[in-house]
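Each chain is listed here by its residues.
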Protein chains: 2
Amino acid sequence: MLRWLLLGGVVSALAGTASAGFLVALDWTTRTREAQPWLLGLLPVGGLLVGLLYHYFGQSVARGNNQLIEEIHQPRDVVPLRMAPLVLLGTLLTHLVGGSAGREGTAVQMGGALADQLSRWLPRGLRLHRPRERRLLLIAGISAGFASVFGTPLAGAVFGLEVFRVGRLRYEALLPSLLAAFGADWVTRAWGVGHTHYLVLEVPALSAAGVAATLLLGLLSGLTARGFVAAVHAWQSWFGRLIAWPPLRPVAGGAGLLALVGLLYLVIGPEVTRYLGLGVPTIVAAFEAPLPWYSFGLKLLLTSLTLGAGFKGGEVTPLFFVGAALGSALALVLPLPVALLAGVGFVAVFSGAANTPLACTLMGLELFGLPAAPYLALGCVVAYLTSGHGGIYGAQVVGTAKH
Amino acid sequence: MLRWLLLGGVVSALAGTASAGFLVALDWTTRTREAQPWLLGLLPVGGLLVGLLYHYFGQSVARGNNQLIEEIHQPRDVVPLRMAPLVLLGTLLTHLVGGSAGREGTAVQMGGALADQLSRWLPRGLRLHRPRERRLLLIAGISAGFASVFGTPLAGAVFGLEVFRVGRLRYEALLPSLLAAFGADWVTRAWGVGHTHYLVLEVPALSAAGVAATLLLGLLSGLTARGFVAAVHAWQSWFGRLIAWPPLRPVAGGAGLLALVGLLYLVIGPEVTRYLGLGVPTIVAAFEAPLPWYSFGLKLLLTSLTLGAGFKGGEVTPLFFVGAALGSALALVLPLPVALLAGVGFVAVFSGAANTPLACTLMGLELFGLPAAPYLALGCVVAYLTSGHGGIYGAQVVGTAKH
């Protein structure tokens, strides 16, 4: 156990520091892009840079999160360290030119890649018992990255255990994940990096109408997650078939995004920029008043195009956006407060897309407070059950069928 | 899904109502025993009644919680309905004469037995697909009983999934368990029955000393849990070897308890009665000021004797007592607030004894609030890892080894 305390501490320090640096850089990038709208015009150029970067230096790490999951299932080689700087650079470039993407993929890949280096560098006395302990270290790295980038350590600890297999959880990595998640979150905060605060102020007592509304939102969240996964795949295979040379795919994607944003500008005006990047201000707004009904679909479209074309980042913050926007819009017809519906949608769409209902419920508790527990849990579980057996992480193995 | 909404609703109503009635009756029983100390003299008589009850009417349900777990693993026969009234009566008798026992066994057995009756009574259109759906119904019944007797629905939902297999969780029963747990808790509260409130007021920022203290408390909690399990088994096999006719075993156990209480009266005075029954007031006191160092051992001794001799009830509230007393006493030497140590011990000893670290962490969150999360999670996980592969539920199957 002392061994894992030490290893957990090292993973925490590495992943927590990486996340802190990433969050600061991402914040700067987002502010720059908002202040200099002309950067949007560079979308195809940004795409080319990301494409070339991965084509010439990143072939060995291009499968990203899926690569980590595959190594957990069938350990082969240590994940190349270059995964960390490449995904960092690729994500910052994506956000700088206005791609619609997230950040958890980046943090998880940095955490996983850094943690996996320990399999090489450890001094003799601490040498790992491979392959078993290497798997645990990878899981701990994923937990650390997730926990520190969102500031939700309980969710991070469980996410690492839950993400590589659908419908089944094993406790082997419980202690390493827990230590790495709480440690990395502590390290990120110790660097002075904070996280967005959301508040669900008003939680009504359970009623039949409230439960029915939550079930419906859970179901719609599951179907939305399914739609998101299908859309990313569709763009991916479409670009793959159309364009033979990979670095050109994000160029075309960037040009397409640019055209789409221009078109949308004509319809909804400057508001269109709210759908680019992470979109955190719009997520916060979703808790305050109902968003337009088309918001969630627009974000889904832009994000699936961004990621399907080969830009880098993560899926999770855009999924938060899509879910919060969906819940928020439904406040016009469902008998629950807008903030509660936005909060449930926020975690439920992600739960369905990543097949991680427990981690998402815990994340909801950590972000929105305990009183919302019944709504959050029900929304996440129903979305998980209705999103199908696919998901944003193709390398997940189905451990127990959902139905 | 609609089907399970309906089934979950029925299980909730049955188990929630049973728990509400049980809690009211148990409260009356405890107050009566406290007001009429001479009832202690009836310990052997109470033992005889419980023994006769189970010998003549309860052979088919005597294995209690383990019987439910076995049916989940290898479905054979519907659990006889009589499990519910017998365990209710046996528990009330045990508490009336001053046995040291709990209540979750009772609630879980009532919930499980009532839920399982649905496999017989359902109208044609709702008929279950056995054996798969019968398993899910049993798990939901366990979740409902646990959730409603402690007022902790998230913990109840996960407890049902976690309890029958060590180190592995499957998501099949996620929705039925969740619906039954929140529903049953709602029903119990709707009957006007409340639960004890605990407060962890002061949670210091994470520090190396605090983490080390929590690790030590987790380790001691795991070893204490191991000791408790060994003690119950030792008493059971000792009474089994010494006394051939089962109904006489709790008579001898009752006489032994009576003698032990008399002896303790000479040493620690009237305070000894604080160690009988559930002991909720002493659990609450453990959060306020450090308890004497011997408290946890005394409760462990009296409870293992009560249950090992064949009285009825549960193990969990006494384990809460043992853990809270252990944590509370350690406040004299460990650098954390007494309430926090008592809270961590409360859930950690139970986590080690029942092999349910996730349910216990969630229970800690529900009872003591989110800020204590790192301490609660670490304590529960370490206690789980150090308590060995046995546990209070002998029918548990080891799914994934702990080490």
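Residues numbered from 1 in each chain as written. Chains lettered and ligands numbered in written order. Predicted model: local features only at pLDDT ≥ 70, side-chain atom pairs only at ≥ 80, totals over all residues. Heavy atoms only, no water.

Draft legend 1. Expanded view of the overall build of chain A. Looking only at helices and strands, chain A has 16 helices and 3 strands in total. For chain A, the C-alpha radius of gyration of 20 Å lies close to 22 Å, the compact-globule estimate for 403 residues. Taken across its 403 residues, chain A has 65% of its residues classed as buried. Long-range pairs, those at least 24 residues apart, make up 80% of the contacts in chain A with a sequence separation of at least 6. For chain A, the exposed surface amounts to about 14000 Å²; the carbon and sulfur share of it is 67%. Chain A carries 25 positive and 16 negative side-chain charges, and their two centres are separated by 9 Å. (Helix = DSSP H or I, 4+ residues; strand = E, 2+ residues; numbered from the N terminus. Rg over C-alpha atoms; globule rule 2.2 N^0.38 Å. Buried < 20%, exposed > 50% of the residue type's maximum accessible area, 1.4 Å probe, protein only. Contact = heavy atoms within 4.5 Å. Areas by Shrake-Rupley, 256 points an atom, 1.4 Å probe, with all protein chains shown as cover. Lys, Arg positive; Asp, Glu negative; His and termini not counted. Charge placed at Lys NZ, Arg CZ, Asp CG, Glu CD.)

Draft legend 2. Inspection of the relation of the copies chain A and chain B at higher detail. It takes a turn of 180° to lay chain A on chain B, together with a shift of 0.0 Å along the axis; the resulting RMSD is 0.0 Å. The superposition operator between the copies reduces to a two-fold rotation axis. In terms of proximity to the rotation axis, the leading residue of chain A is L169(A), whose C-alpha is 2.4 Å off the axis. Taken as a fraction of all interface residues of chain A, those also at the interface in chain B reach 100%, which identifies the copy contact as same-surface. (Least-squares fit on C-alpha atoms with pLDDT ≥ 70 in both.)

Draft legend 3. Quick look at the pattern of salt bridges. Residues and elements named next belong to chain A. Overall, the coordinates contain 16 salt bridges over all chains when judged by the stated rule. Note that R3 is salt-bridged to E133, the shortest N-O span being 2.4 Å. Residue R3 is found in helix α1 (residues 2-35), and its partner E133 is found in helix α6 (residues 132-150); the two are separated by 130 residues along the sequence. Classification of R3 by relative accessible area gives partly exposed; the value is 21%. Among the ionic contacts, a cluster of salt bridges with common partners joins E71, D116 and R134. (Salt bridge = Lys/Arg side-chain N within 4 Å of Asp/Glu carboxyl O.)

Draft legend 4. Seen up close, the interface of chain A and chain B. Contact with chain A, which involves 36 residues of that partner, is made by 36 residues of chain B. Buried area between chain A and chain B, summed over both chains or domains, comes out near 3400 Å², and the portion from carbon and sulfur atoms is 81%. For the interface between chain A and chain B, the tally reads 0 salt bridges. Connecting chain A to chain B are 5 residue pairs in polar contact (both at pLDDT 80 or more). Per element, the largest residue contribution to the side of chain A that touches chain B is 8 residues, and it comes from helix α16 (residues 373-386) of chain A. Tallied by class, residues from the side of chain A that touches chain B come to 26 nonpolar, 4 polar and 6 charged. (Buried area = accessible area lost by both parts, 1.4 Å probe. Polar contact = N/O pair within 3.5 Å; in protein donor to acceptor, adjacent residues only side chain to side chain. Nonpolar A, V, L, I, M, F, W, Y, C, P; charged D, E, K, R; others polar.)

Draft legend 5. Broad picture of the environment of G297(A). Of note, G297(A) is situated in helix α12 (residues 295-308). Separated by 70 residues in the primary sequence, G297(A) and G227(A) place their C-alpha atoms 9.8 Å from one another.

Draft legend 6. Structural context of the domain arrangement of chain A. Residues and elements named next belong to chain A. The domain architecture assigned to chain A consists of domain 1 (2-190) and domain 2 (208-398). Computed over C-alpha atoms, the centres of domain 1 and domain 2 are 21 Å apart. Listed as interface residues are 50 residues of domain 1 and, on the opposing side, 49 residues of domain 2. At the boundary of domain 1 with domain 2, total buried surface from both sides reaches about 4000 Å², with 69% on carbon and sulfur atoms. Of all residues in domain 1, S100, E162 and V166 give up the largest surface area on contact with domain 2, accounting jointly for 17% of the area buried on that side. (Domains from an automatic or database assignment.)

Draft legend 7. Looking closely at the packing of aromatic side chains. Scanning all chains against the criterion turns up 40 aromatic pairs over all chains. For the ring pair Y171(A) and Y384(B), a centre distance of 5.8 Å and an interplane angle of 70° mean the geometry is edge-to-face. Placement of Y171(A) in the loop between β2 (168-170) and α8 (174-190) and of Y384(B) in helix α16 (residues 373-386) is noted, with the two residues assigned to different chains. Classification of Y171(A) as buried rests on a relative accessible area of 3%. Both rings, one in F320(B) and one in F346(B), keep their centres 4.1 Å apart while their planes meet at 15°; by these two values the pair is stacked. Placement of F320(B) in helix α13 (residues 316-330) and of F346(B) in helix α14 (residues 338-354) is noted, with a sequence separation of 26 residues between them. A single burial state applies to F320(B) and to F346(B), both of which are buried. The ring of F321(A) is capped by K299(A), whose NZ or CZ atom sits 4.8 Å from the centre of that ring. Sitting above the plane of the Y384(B) ring, K402(B) keeps its charged end 4.4 Å from the centroid. (Phe/Tyr/Trp six-rings, centres within 6.5 Å; stacked < 30°, edge-to-face > 60°. Lys NZ or Arg CZ within 6 Å of the ring centre and 35° of its normal.)

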